[in-house]
Amino acid sequence: MYTVFGRRTRALPRALAATTVTAGLLLVAACTSSDDGGSKTAAGGVELVKSGQLTTCTHLPYPPFQSEIDGKVQGFDVSLIDLVATDLGVKQKILDTPFENFKTGAFLNSGECDLAAAGMTITAERKKNVDFSDPYFDATQALLVGKDSGITSLADAKAKKVKLGAQAQTTGEDYAKSQGFDPVSFESSDAVLNGLRTGQVKAVIIDYPVVQGWLKDKANAAAFELAGNINTGEQYGFTVKKGNTKLLAAVNKAIKDAKADGTYKKLYEKWIGPYDESAASPSAS
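Conventions adopted
- Residues numbered from 1 in each chain as written.
- Predicted model: local features only at pLDDT ≥ 70, side-chain atom pairs only at ≥ 80, totals over all residues.
- Heavy atoms only, no water.
- Helix = DSSP H or I, 4+ residues; strand = E, 2+ residues; numbered from the N terminus.
- Buried < 20%, exposed > 50% of the residue type's maximum accessible area, 1.4 Å probe, protein only.
- Contact = heavy atoms within 4.5 Å.
- Areas by Shrake-Rupley, 256 points an atom, 1.4 Å probe, with all protein chains shown as cover.
- 1 Å grid on protein atoms, 1.4 Å probe; cavity = no way out; pocket = protein on both sides within 12 Å on 5 of 7 lines; lining within 4 Å.
- Points joined across faces, edges and corners; volume = space filled by probe spheres on them.
- Phe/Tyr/Trp six-rings, centres within 6.5 Å; stacked < 30°, edge-to-face > 60°.
- Lys NZ or Arg CZ within 6 Å of the ring centre and 35° of its normal.
- Lys, Arg positive; Asp, Glu negative; His and termini not counted.
- Salt bridge = Lys/Arg side-chain N within 4 Å of Asp/Glu carboxyl O.
- Polar contact = N/O pair within 3.5 Å; in protein donor to acceptor, adjacent residues only side chain to side chain.
- Axes fitted to C-alpha atoms, helices over the stretch in contact; angles between N-to-C directions.
- Parallel < 35°, antiparallel > 145°, perpendicular 65-115°, else oblique.
- Left-handed = near helix turned anticlockwise from the far one by under 90°.
- Nonpolar A, V, L, I, M, F, W, Y, C, P; charged D, E, K, R; others polar.
- Core = buried A, V, L, I, M, F, W, Y, C linked by side-chain atoms within 4.5 Å.
- Disulfide = S-S within 2.5 Å.
- Pairing = 2+ DSSP bridges.

K.L.:
Even after reading the chapter, I still don't get the overall build of the chain, so can you show me in this structure?
P.N.:
Scanning the chain from N- to C-terminus turns up 13 helices and twelve strands. When each of the 285 residues of the chain is scored for burial, the buried share is 49%. Relative to all contacts within the chain whose residues are 6 or more apart in sequence, the contacts with residues 24 or more apart total 70%. Of the roughly 13000 Å² of accessible surface on the chain, a fraction of 53% belongs to carbon and sulfur atoms.

Right under this line is the structure:
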């Protein structure tokens, strides 16, 4: 279990600053209390599984969306959900959980988490079990290979019958299977990269932003290269328990506000790279 405490405050017009600070303090006083009898109702009437905190299920590591850095879970998803927590007048607490549970909504239904944030693609199948937020990121898949592999594309990898790796239970793995591969499944993104590094596989398919993060490391950039960027039309969304309309509205409002006031752009540049307007303004899923 990993915990993230702390809030990110968005810039506000000066005329509203004093009022907002006062309101924020009142919200914290009203919503933050111990678990022994404290109110679990946050701002806007949002019901939380534990008083004084917004409990987020994720699956670590998955940089740049969530990973442990200097003993603290950080990343693009974490920062966006921090905005939701701030609006609710509470703190975010993160639980590291198996990714397969995100498809079924198990931890949401059992009351262990309020929402899930894990760089998760919105799909019709997953919508049967959970309610998705508005899309907050357009994602593509990437094919990463060793620099001496000679592999130039996914089609080339297939023609050469290359052993391909992917993260288990992800749309990257599903896509690889749809293209006729029998991918080697790895539990986490770190395991995917290690599989490529140690020669267990000759190529891997995984979300492009993850590859971007890997290639920022000089050692990785020297050893690996991008052999293909595959647009699969995927969009990421956060999830809540089916029927949790108030929390879903709060999440959607935080996403919308962040895009409107420039916070989204700043977080995108911090965690992902040069700002991509198309990724920042995805169409409705």
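Having seen the model, we can carry on.
K.L.:
I tried to follow empty space enclosed by the protein on my own but got confused; where do I start?
P.N.:
Inspection of the entire model under this criterion finds three cavities of 30 Å³ or more. Of the volumes computed, that of the largest cavity is approximately 150 Å³. What lines the largest cavity is a set of 18 residues, among which Y62, F99, G119, T170 and D207 lie closest to the centre. Elements supplying a minimum of two residues to the lining of the largest cavity: strand 8 (164-167), helix 7 (171-178) and strand 10 (203-207).

K.L.:
Teacher, can you tell me more about the packing of aromatic side chains here?
P.N.:
Both the distance between ring centres and the angle between the ring planes are used here to describe each pair of aromatic rings. What the rule picks out here adds up to 14 aromatic pairs. Taking 6.2 Å as the distance between ring centres and 50 degrees as the angle between the ring planes, the aromatic pair formed by Y136 and Y236 counts as tilted. Here Y236 lies in strand 11 (residues 224-236) and Y136 lies in the loop between strand 6 (130-132) and strand 7 (137-146), a separation of 100 residues in the sequence. A single burial state applies to Y136 and to Y236, both of which are buried. Members of the aromatic cluster, connected to one another through ring pairs, are Y62, F65, F76, Y136, F137, Y236, F238, Y264 and Y268. A cation over a ring is seen here: K259 above Y264, with NZ or CZ 5.4 Å from the ring centre.

K.L.:
Honestly, the side chain of D114 in this entry has me stumped. Any pointers?
P.N.:
Structurally, D114 is set in the loop between helix 4 (106-109) and strand 5 (115-116). Buried within the structure, D114 lacks any salt-bridge partner; its nearest side chain of opposite charge belongs to K40, at an N-O separation of 9.0 Å. Reaching out from D114, the side chain makes a polar contact with the backbone nitrogen of V49 at a distance of 2.8 Å. Beyond its immediate stretch of four places on either side in the chain, D114 contacts E47, L48, V49, Q53, L54, T55, L108, T239, V240, K241 and L247.

K.L.:
In this structure, what is going on with the packing of helix 2 (residues 76-88) against helix 11 (residues 245-261)? I would like to understand it.
P.N.:
Any two packed helices are characterised by how steeply their axes cross, that is the angle between the axes, and by the distance between the axes. For the pair helix 2 and helix 11, the least separation of the axes is 9 Å and the interaxial angle reads 115 degrees. Taken together, the axis directions place helix 2 and helix 11 in an arrangement best described as roughly perpendicular. The interaxial crossing formed by helix 2 with helix 11 has right-handed handedness. For the pair helix 2 and helix 11, contact is made by L83, V84, D87 and L88 and by L247, A250, V251, A254 and A258, respectively. Tallied by class, the residues present in the contact of helix 2 with helix 11 amount to eight nonpolar, no polar and one charged.

K.L.:
I'm lost on the nonpolar core in this one. Help?
P.N.:
As a rule of thumb, soluble globular proteins bury nonpolar side chains together. Counting 47 residues, the largest nonpolar core has L54, F76, L88, F137 and W214 as the members making the most contacts within it. At the level of elements, helix 2, strand 7, helix 8 (189-197), strand 10, helix 9 (208-215), strand 11, helix 11 and helix 12 (263-271) are the ones that each hand at least two residues to this core. L54 has contacts with L48, I81, V84, A85, L88, V90, K91, Q92, K93, D114, L115 and L247, leaving out every residue within four places of it along the chain. Counting residues in hydrophobic clusters, the runner-up holds 14 residues, among them A157, L164, A176 and A227.

K.L.:
I'm lost on the environment of S51 in this one. Help?
P.N.:
Residue position: S51 is located in the loop between helix 1 (14-31) and strand 1 (53-58). Along the chain, S51 and K40 lie eleven residues apart, while their C-alpha atoms are 4.2 Å from each other.

K.L.:
Explain helix 9 to me, please; I cannot follow it from the model alone.
P.N.:
Since there are 3.6 residues in each turn of an α-helix, residues three or four apart along the chain are aligned in direction. Residues of helix 9 that are buried include every one of P209, V210, V211 and W214, and no others. Buried-residue contacts for helix 9 involve strand 7, helix 8, strand 10, helix 10 (218-223) and strand 11.

K.L.:
How do you make sense of the state of the cysteines when you look at a structure like this?
P.N.:
Here, disulfide denotes a covalent bond that connects the sulfur atoms of two cysteines. Taken as a whole and judged by the stated rule, the model has one disulfide. Residue pairing for C57: its cysteine sulfur links by disulfide to C113, the two sulfurs lying 2.0 Å apart. Torsion about the S-S bond of the C57 and C113 cystine: about 65 degrees, corresponding to right-handed handedness. With a gap of 56 residues between them, C57 in strand 1 and C113 in the loop between helix 4 and strand 5 connect regions that are remote in the sequence.

K.L.:
Can you walk me through the pairing of strand 7 in this structure?
P.N.:
Within a regular beta strand, the side chains point alternately toward one face of the sheet and then the other, so they alternate between its two faces. Burial within strand 7 is extensive, with eight of its ten residues counted as buried. Note that strand 7 and strand 11 share nine bridges and pair antiparallel. Among the inter-strand pairings, G146 is bridged to a residue of strand 11, identified as F224. For strand 7 and strand 10, the ladder comprises five bridges, and the chain directions are antiparallel. When the bridges of strand 10 are listed, L143 appears paired with I205.

So yeah, pure geometry; function would need other evidence.
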